[in-house]
Amino acid sequence: MEVVILPGSKQIGSLAADAVEALLRRKPDAVLGLATGSSPLPVYGELARRQEEGRLDFSRVRGFTLDEYVGLEPGHPQCYREVIRREFTDRVDIAPGNVYSPDGSAADIPAACRAYEDAIKAAGGVDLQLLGVGTDGHIAFNEPGSSLASRTRIKSLIEQTRRDNARFFNGIHDVPHHVVTQGLGTILDANHVILLATGAQKAQVVRDLVEGPVAAICPASVLQLHPHVTVLVDEAAASSLRLADYYRHTYDNKPAWQGL
Ligand code: GLP
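The rules behind these values
- Residues numbered from 1 in each chain as written.
- Predicted model: local features only at pLDDT ≥ 70, side-chain atom pairs only at ≥ 80, totals over all residues.
- Heavy atoms only, no water.
- Helix = DSSP H or I, 4+ residues; strand = E, 2+ residues; numbered from the N terminus.
- Rg over C-alpha atoms; globule rule 2.2 N^0.38 Å.
- Buried < 20%, exposed > 50% of the residue type's maximum accessible area, 1.4 Å probe, protein only.
- Areas by Shrake-Rupley, 256 points an atom, 1.4 Å probe, with all protein chains shown as cover.
- Lys, Arg positive; Asp, Glu negative; His and termini not counted.
- Charge placed at Lys NZ, Arg CZ, Asp CG, Glu CD.
- Core = buried A, V, L, I, M, F, W, Y, C linked by side-chain atoms within 4.5 Å.
- Contact = heavy atoms within 4.5 Å.
- Pairing = 2+ DSSP bridges.
- Right-handed = clockwise from strand over helix to strand, strands pointing away.
- Near = heavy atom within 4 Å.
- Polar contact = N/O pair within 3.5 Å; in protein donor to acceptor, adjacent residues only side chain to side chain.
- Nonpolar A, V, L, I, M, F, W, Y, C, P; charged D, E, K, R; others polar.
- Salt bridge = Lys/Arg side-chain N within 4 Å of Asp/Glu carboxyl O.

Colleague: Is there a simple way to explain the overall build of the chain in this structure?
Modeller: Across its full length, the chain carries eight helices and ten strands. For 260 residues, the compact-globule estimate of 2.2 N^0.38 gives 18 Å, and the chain sits close to it at 17 Å. Principal axes of the C-alpha set define a box for the chain whose edges measure 55 × 40 × 35 Å. Burial status across the chain gives 54% buried among its 260 residues. Of the accessible surface of the chain, which amounts to about 11,500 Å², a share of 51% is contributed by carbon and sulfur atoms. Distance between charge centres in the chain, computed from 26 positive and 32 negative side chains, equals 2 Å.

See below:
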């Protein structure tokens, strides 16, 4: 796991966008794993800017989102399908038909979850997965206690996550209890994972996921088992890391040819 400590969101957005740009040069029909939440927004903003400049071409790219609320009517502004459209895919030239999301309004949720796994496989798997992390250690919506080998399925949200996400709704009572989410096993299948975290409220979870034991109580810690994970954090989110100086030294002296 590589930890890169940067001054702020702008630098995080730019470095993650560099990784996407390098991937698209290598593989114009790459498969991107798209996360919602506020952490990836600087990356999406930077990618949209680079597309406008003519540096990037998303026309052959496919995107898979991580998760979705159950029970929101399709088109609800907080449906993650809508959020990702607003925040990213409408701002670049990805064909709308090339963006896939788990179906939280399916009559048969288990069948929809299986179909989502099949669609990811049929696309050849995710080349680069962007991830945020919840304050309780969840990635996508894999709450503490999730099986470390889980696949796409329905989950119940923990109260803390519903509280954290209440800011997007008219209060906590409107936040759904159920979600469908890629599993931890699904996320581990991506070729490269870039996790983004900023702010002091993420300091403890960043320490737990990078330096704590691999344990279901902090689902993001499963990323320690993945061979290619990059964690991009600002100073505040890095403030509890025990080996912060070592991560800084390593990144400052990294051979240029290595990339992220
Ligand atoms: C939601 C999403 C996660 C995201 C998390 C953190 O719960 N399901 O994918 O990582 O929020 O969001 P933020 O980046 O806004 O802190």
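From this point on, the discussion continues.
Colleague: Would you take a moment to explain the nonpolar core for this structure?
Modeller: Note on soluble globular proteins: their nonpolar side chains tend to be buried together. One finds F58, I139, L195, L232 and V233 to be the most contacted residues of the largest nonpolar core, which totals 66 residues. The element contributing the most residues to this core is helix α1 (residues 9-26), with eight residues. Among residues more than four places away in sequence, those in contact with L195 are L131, G132, V133, I139, L209, L223, T230, V231 and L232. In terms of nonpolar packing, the next biggest core, distinct from the first, is built from eleven residues, Y69, L72, Y80 and V83 among them.

Colleague: Whenever I open this one, the sheet that holds strand β2 (residues 31-34) confuses me. Can you help?
Modeller: Picture the strands of a sheet paired through backbone hydrogen bonds; they go either parallel or antiparallel. The strand order β1-β10-β9-β6-β2-β3-β5 describes an open sheet built from seven strands, whose pairing is parallel. Each edge of the open sheet is held by one strand with a lone partner, namely β1 (2-6) and β5 (99-100). Bridging between strand β6 (residues 128-131) and strand β9 (residues 192-197) involves four bridges; their strand directions are parallel. When the bridges of β9 are listed, L131 appears paired with L195.

Colleague: Would you take a moment to explain the pairing of β2 for this structure?
Modeller: Consecutive residues of a regular strand have side chains that alternate between opposite faces of the sheet. Across the two faces of β2 the burial is the same, with V31 and G33 and L32 and L34 all buried. Both β2 and strand β3 (residues 62-65) contribute to a ladder of four bridges, which runs parallel. Among the inter-strand pairings, G33 is bridged to a residue of β3, identified as F64. Assessed by its sense of winding, the connection that carries the chain from β2 through helix α2 (residues 41-52) to β3 is right-handed. Where β2 meets β6, two bridges bridge the pair, whose relative direction is parallel. Residue L32 lies in a different strand from β6, and its bridge partner there is L128.

Colleague: Can you walk me through unusual backbone geometry in this structure?
Modeller: Negative phi values dominate among residues other than glycine, just as trans dominates among peptide bonds. For A140, which is not glycine, the phi torsion reads 50 degrees and is therefore positive. Structurally, the position occupied by A140 is in the loop between β6 and β7 (153-156).

Colleague: Mind showing me how you'd approach the site of the ligand here?
Modeller: Residues in contact with the ligand amount to 13 residues; listed here are only the nearest, S38, S39, D67, H138 and K202. S39 places a polar side-chain atom, nitrogen or oxygen, 2.5 Å from an oxygen atom of the ligand. Within the side chain of H138, one N or O atom sits 2.9 Å away from an oxygen atom of the ligand. Protein contact buries 93% of the 390 Å² of open area that the ligand shows by itself. Residues of the shell around the ligand, tallied by class, amount to four nonpolar, six polar and three charged.

Colleague: Honestly, the side chain of D67 in this entry has me stumped. Any pointers?
Modeller: By the element assignment, D67 lies in strand β4 (residues 67-69). Discounting residues that sit within four places of it in the chain, D67 has contacts with T36, Y80, P102, A140, F141, V180 and T181.

Colleague: Whenever I open this one, the pairing of β7 confuses me. Can you help?
Modeller: Residues R153 and K155 line the buried face of β7, whereas the alternating positions I154 and S156 sit on a face that is not buried. Examined bridge by bridge, β7 and strand β8 (residues 178-181) share four bridges and lie antiparallel to one another. Residue K155 lies in a different strand from β8, and its bridge partner there is V179.

Colleague: It is not clear to me how helix α3 (residues 80-87) should be interpreted in this structure. Could you clarify?
Modeller: Each turn of an α-helix holds 3.6 residues, which means side chains three or four residues apart point in the same direction. Along α3, the residues that are buried comprise Y80, E82, V83 and I84. Elements that come into contact with the buried residues of α3 comprise β2, α2, β3, β4, β5 and α5 (159-165).

Colleague: Teacher, can you tell me more about the pattern of salt bridges here?
Modeller: Oppositely charged side chains can pair when the atoms bearing their charge come close. Tallied over the full model, the rule gives 17 salt bridges. Across the pair K254 and E2 runs a salt bridge, and its minimum N-O distance is 2.7 Å. Taken together, the positions of K254 in the segment after α8 (244-252) and E2 in strand β1 put the pair 252 residues apart, joining distant regions of the chain. Via salt bridges that share partners, D18, E21, R25, E46, R49, R50, E53 and R55 belong to a single interconnected network.

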